[in-house]
Amino acid sequence: MAAQSKAKTASLSDPSIVGRAVLDSFRKLSPRLMAKNPVMFVVEIGAVITTAELAHDFWDRSRGIGPATGIGFGLQISLWLWFTVLFANFAEAMAEGRGKAQADTLRKARSETTAHVIRANGAIEEVSSSKLRLNDIVVVSAGEFIPGDGDVIEGVASVDESAITGESAPVIRESGGDRSAVTGGTRVLSDQIKICIKSNPGETFLDRMIKLVEGASRQKTPNEIALNILLAGLTIIFLLAVVTLEPFAIYSGAPQTLFVLVSLLVCLIPTTIGGLLSAIGIAGMDRLIQRNVLAMSGRAVEAAGDVDTLLLDKTGTITLGNRQATVFTPAPGVDEKHLALTAQLASLADETPEGRSIVVLAKERYGLRGIELSAQSPLFIPFSAHTRMSGVDLDGEEIRKGAPDAIKRYIQERGNKISSEVEEIVKSIANSGGTPLLVARNRIVLGVIHLEDIVKGGMKERFEHLRAMGIRTMMITGDNPLTAAAIAKQAGVDGFLAEAKPEEKMALIKSEQAKGKLVAMTGDGTNDAPALAQADVGVAMNTGTQAAKEAGNMIDLDSNPTKLIEIVEIGKQLLITRGALTTFSVANDVAKYFAIIPAMFAAAFPQLGVLNVMRLHTPQSAVLSAVIFNALIIVALIPLALRGVRYRAAGAEALLRRNLLIYGLGGIVSPFVGIKIIDILITSLHWA
Amino acid sequence: MTANGWFQIAVFLLVILAITKPLGVFMTNVFTRKKTFLDTVLRPLERLVYRLTGVDETREMSWIEYGAAMLLFSLVSMLLLYLIERTQQWLPFNPQKLGAVAQDLAFNTAASFTTNTNWQAYTPETTMSYLTQMAGLAYHNFASAAVGIALAIAVIRGISSREMKTIGNFWVDVTRSFLWVLLPACLLVSLVFVSQGVVQNLRPYDTAQLINPYQTQATGADGKTTTQTVAQQTIAQGPVASQEAIKELGTNGGGFFNANSAHPFENPTPFSNFLQVVLIFAIPSGLTYTLGRMTGSPKHGWAVWSAMTVLFLAGVLTVFWAEARGNPLPAGVDQTPSSLQAGGNMEGKEVRFGIANSALFATVTTDASCGAVNGMHDSFTPLGGMVPLVNIMLGEVVFGGVGSGLYGMLVFVILAVFIAGLMVGRTPEYLGKKIEAFDVKMAMLSVLVFSLATLALPAIAAVSPRFGTSSISNPGAHGLSQILYAYVSATGNNGSAFNGINSNTFWYNTTLAISMLMGRFLAVIPILAIAGNLARKKISPPSLGAFPVTTPLFTMLLVSTVVVVGALTFFPVLSLGPILEQVLMTAGRSF
């Protein structure tokens, strides 16, 4: 999928995709395939009937007993009916085309490699990658392809995953923790790792991905099934209306030809949406794939549109990575630079991102370079989650930095107290949502470091959009409630879960679901897996563990948690496109009635010409124009079906008003114009 | 279109608006078993009914059980009516010594009254004894209305309840409809009708001597034409007032006399006429508020009410305009309104009521599935006559029959929500409940049943000279309207007739009965299934992203859905019936 960015633009204009789609549209004429789409199947049957009638007319004419009128009309109707079916097939084939091209690229990555399997006795055996079984242990060295999906059980390596993600920068994979999962088909760039294989042949991630992008395992989604039922129902009603019209016409002394009756039926049944429905679904999945998200089922994409509550991890989603030191506030009587220097010394042994940010801040703001300490035989006390302090013993001086209560205890043990001024500073930093760290030198507190979460730009607006769409955002964080509340306010989320543990996250999801809400979340760790499985939309990060990837119903290859918002928008766009084209299709029928009904009875009752509001030239041109419009509108709407209708974040009422205006009212008006234009064209071309 | 006419229509609408909320609140209280002012009297009576019938009023039913109970109840009542009709000659209260009703007619009538249609293929005063009218027909007027209300309440429960397997108890709902809603109101209204001059007795028919005897020619069985002098007129009597109230309040429409509400004994004064149209809309209108209240969204109730009102106004103003305009063909009749006459097309209309009240009555009776008439729709202008026809074709959801109007409208609500709901970017939901494949399937099934019965049977009749077209009184487009109207009226459970068609034949009696049964029972089973299915679902809380069902936009959407579904199904045949007749009439041809 390295050619991803190119694939995005290549759609209707890519000749190879179009070429394949044209061939496919004929292949899809097979009744076995057509029967899956009741509306278009009816059109195909109609085309067969008119073609047979045409042949019959030919036969009669050849024996000189045929009708006096020309057969041009019947021929054109039959042709356009076949075109209608072909156009619908073409739409579906186009939607599939892009996925098929991507699948071809992926297949190349799946090519067989040689795996070095470590047997129980320690011997290394060369085996073809396709013969690997679950729980085989393989060793992969720099330059080799990883032979199958699995977890790193020993070692660290940089891995090129561009074959899967399209991202050329290598990623680190290491044993233990949440970065242990590797994917077959990716390449180790440096070092050597041992991998425990977690998939059987044919069930690898790459295999699944190929199937997904190709649409081979595509099943109709619940809403698509419901919509198909509606369309089939409408088709039956129109079938009834048309079939019973003939007796009424006979009663009235104006019997109709088969060509006209079939034309009326085909024009009335919802062919526009019937022809584009599956293309819309495929294109929706495809839009996700273009954003490097793999949806394991179409159901998940639909659910994404329905999401009521987004659970967003604070770190990396709402805020920029980790907390960073922003200010040094000295205690009364302490020089700020002295505080900065001490803080830097205390943090030298703190490898956490926060610790590093202190060193960086001191360096940037006060030009304090790392001091060469090795000569002074320092004793570093590294940061630990247990003591929540770090520091250094240097020349008999104890320099410490850490969480306020940890330092408080440390100082009390040494017979001192924290001044009320420092307490004040600590409190005000905590209230503002920051994290205070105290710096002490020889049991005297020198001041406070202000660690801050930096909220990503534009998040507030995004959450406002989401709110307008009726979606609540919940921030999940390990911070204490005070800090969490402050950041929540700053970021403009609707709620937060502070000091969140996996089980609390799970409880939150369940309580939201009990209220009837649909919940979406992202996760990467093994302990996220149960929540990912419980959530209606669970997006697993590709960097995450195998367990998380199994549990979620979507995988983000870019491992970007913010993408959840885009996923929701794509889900909504898919549903709106479906609804808009359904409305458009049904609304179109009004004009078609005004074209065909007066045409049908013009000969017997010229007075009914008052219904011919479009002033179409002749009865034949009227019927033909309606049929041609009906066929061409499918082609005209293919780009819209593939691209999706334009989506704006707005409340339901505003969206409905806008879409009803465009696709409802537009659906009523546009065929009047379209049919009239076609009528003018075909009469000037003397087709009818 | 006189100012007086406009005024009367406006007053009517205001009265309906005024009674909607009180009635809706009252019915909500009745069916959610909250306190009502009638409890002290009726509660003991209700308990007695349950003790006698062995009904456990606390037991809830699934939709299948509810539907089965409803079908059983209707079947037994229908058989009972059939029996009474067939044996009335041996039963009491038959001063005119009327004989047994013919088999096919008895079947047709039994189906007709059980389904709340009240299609009458007979002349009541010469066919049905007082006992048949009271114990057979009037009983059904109550029973079928009570069943309708019960079904609507069950459907509302399905929408409003949360993860429930049941939708109420049919026997309790029916009993409460009888005791709290229908009986007290009818008792009161019957007395008001008596005060207006509606008769109420069990006497044999009176005979009056004509002041001016006249001569008439009759063709005897032997084919000879004889001239007879008519010097006497028989004046039919009977327990009319007690049936008149339920005829309208229960949207039944079956007249005690053949002339229905055009008969002075049924509808003597302008006030009684006004009261009748108000009664027809009363319960269906109140139920919209009940829907809003029980689902916790009164605004949704009003949105549905508004959609119904928009459709009602469109109908009544069209008829009013078409009839007031009169007949464009030079008929030698003065059609201008004056202080002495209503003007316009007065053929088939009562001079007591004039154009506006006839237009109002015709619209109301066909919007609701009542079918009572105070004028002959057959004699309306083609466009004026098309409105009642179209009203029924829309599925009788413009207020509609008691209960049936609301649950019929809810099918359109579900379709509207499903088609347009996607356009807000969520899978469709109605008041927080997801509309899924099963619900759509059932809604479409219900619409399909209606289309099948209203299109297939008249299509057969239209090309069958022996039993179909032989019954019509006018050829051409008008004849087609007559056939169509009969089946549409039967399937829609309306029961009004276009007249002009002789429907008391074996073919029409049987097929129309089938239409009526299909229109009522086949159409409601899928709706009950929807109710049962919805009841089981979770309710997602209202949010800005949820589909709005309380706004004018929704009202507009609902109106469009009803019109588009109706128009798409029936436009072809309408264009050969009333539309063709209208354009031919404009061109100078009449039938």
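Residues numbered from 1 in each chain as written. Chains lettered and ligands numbered in written order. Predicted model: local features only at pLDDT ≥ 70, side-chain atom pairs only at ≥ 80, totals over all residues. Heavy atoms only, no water.

Participant: If you had to explain the overall build of chain A to someone new, which residues and values would you point to?
Facilitator: The number of helices and strands found in chain A is 24 helices and 22 strands. In terms of overall dimensions, chain A is more spread out than a globule: its C-alpha atoms have a radius of gyration of 34 Å, far above the 26 Å expected for 688 residues. With respect to the principal axes defined by its C-alpha atoms, chain A has extents near 120 × 65 × 45 Å. Here chain A holds 688 residues, and 56% of them are scored as buried. Of the contacts formed within chain A by residues at least 6 apart in sequence, a portion of 69% connects residues at least 24 apart. In the structure as shown, chain A presents an accessible area of about 27,500 Å², 59% of it carried by carbon and sulfur atoms. Each charge class in chain A was averaged separately, 69 positive and 70 negative side chains, and the resulting centres sit 4 Å apart. (Helix = DSSP H or I, 4+ residues; strand = E, 2+ residues; numbered from the N terminus. Rg over C-alpha atoms; globule rule 2.2 N^0.38 Å. Buried < 20%, exposed > 50% of the residue type's maximum accessible area, 1.4 Å probe, protein only. Contact = heavy atoms within 4.5 Å. Areas by Shrake-Rupley, 256 points an atom, 1.4 Å probe, with all protein chains shown as cover. Lys, Arg positive; Asp, Glu negative; His and termini not counted. Charge placed at Lys NZ, Arg CZ, Asp CG, Glu CD.)

Participant: Lay out the overall build of chain B with the relevant residues and their values.
Facilitator: Each helix and strand counted, chain B has 18 helices and 4 strands in total. Computed over its C-alpha atoms, the radius of gyration of chain B comes to 24 Å, within 12% of the 25 Å expected for a compact globule of 591 residues. Over its C-alpha atoms, taken along the principal directions, chain B stretches across nearly 75 × 60 × 50 Å. By residue count, 64% of the 591 residues in chain B fall in the buried class. Relative to all contacts within chain B whose residues are 6 or more apart in sequence, the contacts with residues 24 or more apart total 78%. For chain B, the computed accessible surface area is about 20,800 Å², with 65% contributed by carbon and sulfur atoms.

Participant: Provide a residue-level description of the packing of aromatic side chains, including the pertinent values.
Facilitator: Residues and elements named next belong to chain B. According to the stated counting rule, one finds 28 aromatic pairs over all chains in the structure shown. For the pair F142 and F178, a centre-to-centre distance of 6.3 Å together with 15° between the ring planes defines the contact as stacked. Linking F142 in helix α6 (residues 130-160) with F178 in helix α7 (residues 170-196), this pair joins segments that are 36 residues apart in sequence. Of the residues examined, F142 reaches a relative accessible area of 12% and is grouped as buried. An angle of 55° between the planes, with centres 6.3 Å apart, marks the rings of F257 and F265 as tilted. Accessibility expressed as a relative area gives 0% for F257, which makes it buried. Within the aromatic cluster, the residues linked to one another by ring pairs are F12, F281, Y289, W302, W305, F312 and F399. (Phe/Tyr/Trp six-rings, centres within 6.5 Å; stacked < 30°, edge-to-face > 60°.)

Participant: Report on the layout of surface pockets, specifying residues and quantitative values.
Facilitator: Empty space within the second largest pocket amounts to approximately 750 Å³. Taken together, 35 residues form the lining of the second largest pocket, with A587 and I668 of chain A together with S560, T561 and V564 of chain B sitting closest to its centre. Mapped onto the lining of the second largest pocket, the elements with two or more residues apiece are α8 (222-251), α22 (563-601) and α24 (652-684) of chain A together with α13 (404-421) and α17 (552-576) of chain B. Considering every element that reaches the lining of the second largest pocket, the biggest residue donor is α17 of chain B, with 13 residues. In terms of residue class, the lining of the second largest pocket is made up of 29 nonpolar, 5 polar and 1 charged. (1 Å grid on protein atoms, 1.4 Å probe; cavity = no way out; pocket = protein on both sides within 12 Å on 5 of 7 lines; lining within 4 Å. Points joined across faces, edges and corners; volume = space filled by probe spheres on them. Nonpolar A, V, L, I, M, F, W, Y, C, P; charged D, E, K, R; others polar.)

Participant: Explain the sheet that holds strand β5 (residues 156-160) of chain A residue by residue, including any values.
Facilitator: Residue and element names in this part refer to chain A. Taken in spatial order, the 3 strands make up an open sheet running β6-β5-β8, and their pairing is antiparallel. With one partner strand each, in any of the chains shown, β6 (171-174) and β8 (187-190) form the two edges of the open sheet. In this sheet, neighbouring strand axes are inclined to one another by 50° on average, regardless of whether the strands run parallel or antiparallel. Bridge count for β5 against β6 is 4 bridges, and the pairing is antiparallel. Pairing of V159 across the sheet is with V171, part of β6. (Pairing = 2+ DSSP bridges. Axes fitted to C-alpha atoms, helices over the stretch in contact; angles between N-to-C directions.)

Participant: For the domain arrangement of chain B, give the residues involved together with the corresponding values.
Facilitator: All names here are of chain B. Each assigned domain of chain B is listed with its residue range as follows: domain 1 (3-204 + 237-297) and domain 2 (410-577). Here the C-alpha centroids of domain 1 and domain 2 sit 23 Å apart. Across the contact, 39 residues belong to domain 1 and 39 residues belong to domain 2. Here domain 1 packs against domain 2, burying approximately 3,200 Å² in sum over the two surfaces, 70% of which is carbon and sulfur. Three residues, W63, W119 and I159, lead the burial of domain 1 against domain 2; their summed loss comes to 24% of the area buried on that side. The interface formed by domain 1 and domain 2 holds 0 salt bridges in total. Among the elements that take part in the side of domain 1 that touches domain 2, α6 stands out by supplying 9 residues, more than any other. Residue classes in the side of domain 1 that touches domain 2 are distributed as 18 nonpolar, 18 polar and 3 charged. (Domains from an automatic or database assignment. Buried area = accessible area lost by both parts, 1.4 Å probe. Salt bridge = Lys/Arg side-chain N within 4 Å of Asp/Glu carboxyl O.)

Participant: Quick rundown of the sheet that holds strand β17 (residues 444-452) of chain A? Include the residues and the values.
Facilitator: Residue and element names in this part refer to chain A. Read from one edge to the other, the open sheet built from 6 strands follows the order β12-β17-β16-β15-β14-β13, with strand pairing classed as antiparallel. Only two strands of the sheet have a single partner each, and these edge strands are β12 (324-330) and β13 (379-381). The mean inter-strand angle of the sheet, taken between neighbouring strand axes irrespective of direction, is 15°. Pairing between β13 and strand β14 (residues 389-394): 3 bridges, direction antiparallel. Within β14, the residue paired with F380 across the bridge is V392.

Participant: Can you break down empty space enclosed by the protein residue by residue, with the values?
Facilitator: All names here are of chain B. Counted under the stated rule, the structure contains 8 cavities of 30 Å³ or more. Counted as a void, the largest cavity has a volume near 370 Å³. Taken together, 29 residues line the largest cavity, and the ones lying closest to its centre are G395, G408, S446, F450 and A523. Of all the secondary structure elements, the ones that give two or more residues to the lining of the largest cavity are α13, α14 (437-462), α16 (506-535) and α17.

Participant: Explain the packing of α8 of chain A against α22 of chain A to me, using residue names and the numbers behind them.
Facilitator: Residues and elements named next belong to chain A. Where α8 meets α22, the closest approach of the two axes is 12 Å, and the angle between their N-to-C directions is 5°. By the angle between their axes, α8 is roughly parallel relative to α22. Here α8 contributes N223, E224, L227, L230, L231, L234, F238, L245 and A249 to the contact with α22, which in turn contributes L575, R578, T582, V586, D589, Y593, I597, M600 and F601. Here the contact of α8 with α22 is composed, by residue class, of 13 nonpolar, 2 polar and 3 charged. (Parallel < 35°, antiparallel > 145°, perpendicular 65-115°, else oblique.)

Participant: Please set out the nonpolar core residue by residue, giving values where relevant.
Facilitator: Core analysis: the largest hydrophobic core is formed by 322 residues, its most contacted members being L310, M554 and F601 of chain A together with F170, L182 and F312 of chain B. Among the elements that line this core, the one with the most residues is α22 of chain A, at 19 residues. Two domains each provide a minimum of three residues to this core, namely domain 1 (3-204 + 237-297) and domain 2 (410-577) of chain B. If we skip the residues at most four places from it in the chain, L182 of chain B touches F142, A145, A146, I149, S177, I246, L249 and I283 of chain B. Counting residues in each nonpolar core, the second largest holds 31 residues, with L339, I358, Y410 and V426 of chain A among its members. (Core = buried A, V, L, I, M, F, W, Y, C linked by side-chain atoms within 4.5 Å.)

Participant: Explain a nonpolar patch on the surface residue by residue, including any values.
Facilitator: Residue and element names in this part refer to chain A. A cluster of nonpolar side chains, namely L661, I662, L665, I668, V669, V673, I677 and L681, defines an oily patch on the protein surface of about 680 Å² accessible area. Along the polypeptide, I668 turns up in helix α24. With relative accessibility at 31%, the residue I668 sits in the partly exposed group. (Patch = residues over 30% accessible without salt bridge, like charges linked within 9 Å, V, L, I, M, F, W, Y side chains within 5 Å.)

Participant: Can you tell me about the interface of chain B and chain A, naming the residues and giving the values?
Facilitator: At the junction of the two partners, chain B supplies 62 residues and chain A supplies 62 residues. Looking only at chain B, the three residues that lose the most surface to chain A are M423, L568 and L576 of chain B, adding up to 15% of its buried area. The interface formed by chain B and chain A holds 2 salt bridges in total. In this structure, the salt-bridge partner of R426 of chain B is D308 of chain A, at a minimum N-O distance of 3.0 Å. At the level of elements, α13, α14, α15 (476-491), α17 and α18 (578-586) of chain B are the ones that each hand at least two residues to the side of chain B that touches chain A. Examining the composition of the side of chain B that touches chain A, we find that 13 residues originate from one element, α14 of chain B, more than from any other. The residue makeup of the side of chain B that touches chain A, split by class, is 44 nonpolar, 13 polar and 5 charged.

Participant: Help me get a handle on helix α12 (residues 382-393) of chain B, residues and values and all.
Facilitator: Residues and elements named next belong to chain B. Counted at 1.5 Å a residue, the expected span for α12 with its 12 residues is 16 Å, and the 16 Å between its end C-alpha atoms agrees. The inward-facing, buried residues of α12 abut α10 (298-325), α11 (354-367), α14, α15, α17 and α18. Looking one or two places after α12, you find G395, whose phi comes out positive at around 100°. (Expected span 1.5 Å × (residues − 1).)

Participant: Lay out the confidence of the model for chain A in plain terms, naming residues and giving numbers.
Facilitator: Residues and elements named next belong to chain A. Looking at chain A as a whole, the pLDDT averages 84, with 94% of positions reaching at least 70. When the elements of chain A are averaged for pLDDT, helix α1 (residues 4-9) gives the smallest value, 39, and helix α9 (residues 258-268) the largest, 94. Low pLDDT, under 50, characterises residues 1-10; the stretch is placed with 18 contacts to residues that sit more than four places away or in other chains. (pLDDT = per-residue confidence, 0-100.)

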